[in-house]
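Secondary and tertiary structure notes
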Amino acid sequence: MLQKMGRSCLNSLVKEISSMGKFDTKQKIDDGIYRFYNFMVEFQFRLNKKAQRILANNIKFKNLHKEQRCFVLGTGPSLGCLTEGQIEQLKSEFTFALNSLYKSRIGKVISPTYYALVDNNYWEDEAHKRYTQEIAKQYSGDPPVFITDIRAFGCFDPMRDVKEVIYLHAKKYPVDS
């Protein structure tokens, strides 16, 4: 019985895929792989009590800056449009820096309040791991609170220059709602 159901399911999947174009077929396969990956990551996270305790520490940031404005500083070309006066004003604001901002002209002038590193290359790829240390070193006089994935836990613990880390439990795309 199960074998018949499995064949039936497989036959309908083959029929659906064969009627699709190459791009749609690749997209369907990629989506399936990401969904399976996300399922496994979620399952592993639910079993990891240590990770859940670490994430529970984030509660102290809830409503910390409620009703206050903030600025998100990415790495796009619009940063080049900021005047020196605008950059100077940002020094007294709550700022969120992203990824490689520390390499930019603004990143060298402003010490962000928060620094988000959510690209898994920053903790999985050996070549990128040095960036986390470079960022912490650049802002050692006024270190930001880092925001990153729980899988980066080992990258920040031994660093003395880090004020604090907000860990997230992130998934890879596509994420079903």
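A brief report on the enclosed structure follows. (Residues numbered from 1 in each chain as written. Predicted model: local features only at pLDDT ≥ 70, side-chain atom pairs only at ≥ 80, totals over all residues. Heavy atoms only, no water.)

Observations concerning the nonpolar core
Inside soluble globular proteins, nonpolar side chains tend to come together where they are buried. Counting 28 residues, the largest nonpolar core has Leu73, Tyr115, Ile135 and Phe146 as the members making the most contacts within it. Broken down by secondary-structure element, the contributors of at least two residues to this core are α3 (49–56), α4 (84–90), β3 (114–117), α6 (121–124), α7 (126–138) and β5 (164–168). (Core = buried A, V, L, I, M, F, W, Y, C linked by side-chain atoms within 4.5 Å. Buried < 20%, exposed > 50% of the residue type's maximum accessible area, 1.4 Å probe, protein only. Helix = DSSP H or I, 4+ residues; strand = E, 2+ residues; numbered from the N terminus.)

Some words on helix α2 (residues 22–47)
The terminal C-alpha atoms of α2, which comprises 26 residues, lie 38 Å apart, in line with the 38 Å expected from a rise of 1.5 Å per residue. Along α2, the residues classified as buried are Thr25, Asp31, Asn38, Val41, Glu42 and Phe45. (Expected span 1.5 Å × (residues − 1).)

Concerning α3
Buried within α3 are the following residues: Ala51, Ile54 and Leu55. On an axial view of α3, the arc spanned by its buried residues comes to 95°, and they lie on one face. Near the N-terminus of α3, the side chain that reaches the backbone nitrogen of lysine 50, with its oxygen 3.2 Å away, is that of asparagine 48. (Arc of directions from axis to C-beta. Polar contact = N/O pair within 3.5 Å; in protein donor to acceptor, adjacent residues only side chain to side chain.)

Considering the packing of α2 against α3
The geometry of α2 relative to α3 is characterised by a closest axis approach of 5 Å and an angle of 85° between their N-to-C directions. With respect to α3, the element α2 is oriented roughly perpendicular. Residues Phe45, Arg46 and Leu47 of α2 touch α3, and the partners they reach there are Lys49, Ala51, Gln52 and Leu55. Here the residues of the contact of α2 with α3 sort into four nonpolar, one polar and two charged. (Axes fitted to C-alpha atoms, helices over the stretch in contact; angles between N-to-C directions. Parallel < 35°, antiparallel > 145°, perpendicular 65-115°, else oblique. Contact = heavy atoms within 4.5 Å. Nonpolar A, V, L, I, M, F, W, Y, C, P; charged D, E, K, R; others polar.)

Some remarks on the packing of aromatic side chains
Under the definition given, this model contains six aromatic pairs. The interplanar angle of 55° and the centroid separation of 6.5 Å between the aromatic rings of tyrosine 102 and tyrosine 131 together place this pair among those described as tilted. With a gap of 29 residues between them, tyrosine 102 in the loop between β2 (94–98) and α5 (105–109) and tyrosine 131 in helix α7 connect regions that are remote in the sequence. The residues tyrosine 102 and tyrosine 131 share a single accessibility class, namely buried. Plain terms: the ring middles of tyrosine 115 and tyrosine 139 are 5.9 Å apart, the flat faces sit at 45° to each other, and that makes the pair tilted. You can see tyrosine 115 sitting in strand β3 and its partner tyrosine 139 sitting in the loop between α7 and β4 (145–149), a full 24 residues away along the chain. There is no split in this pair, since tyrosine 115 and tyrosine 139 are both buried. (Phe/Tyr/Trp six-rings, centres within 6.5 Å; stacked < 30°, edge-to-face > 60°.)

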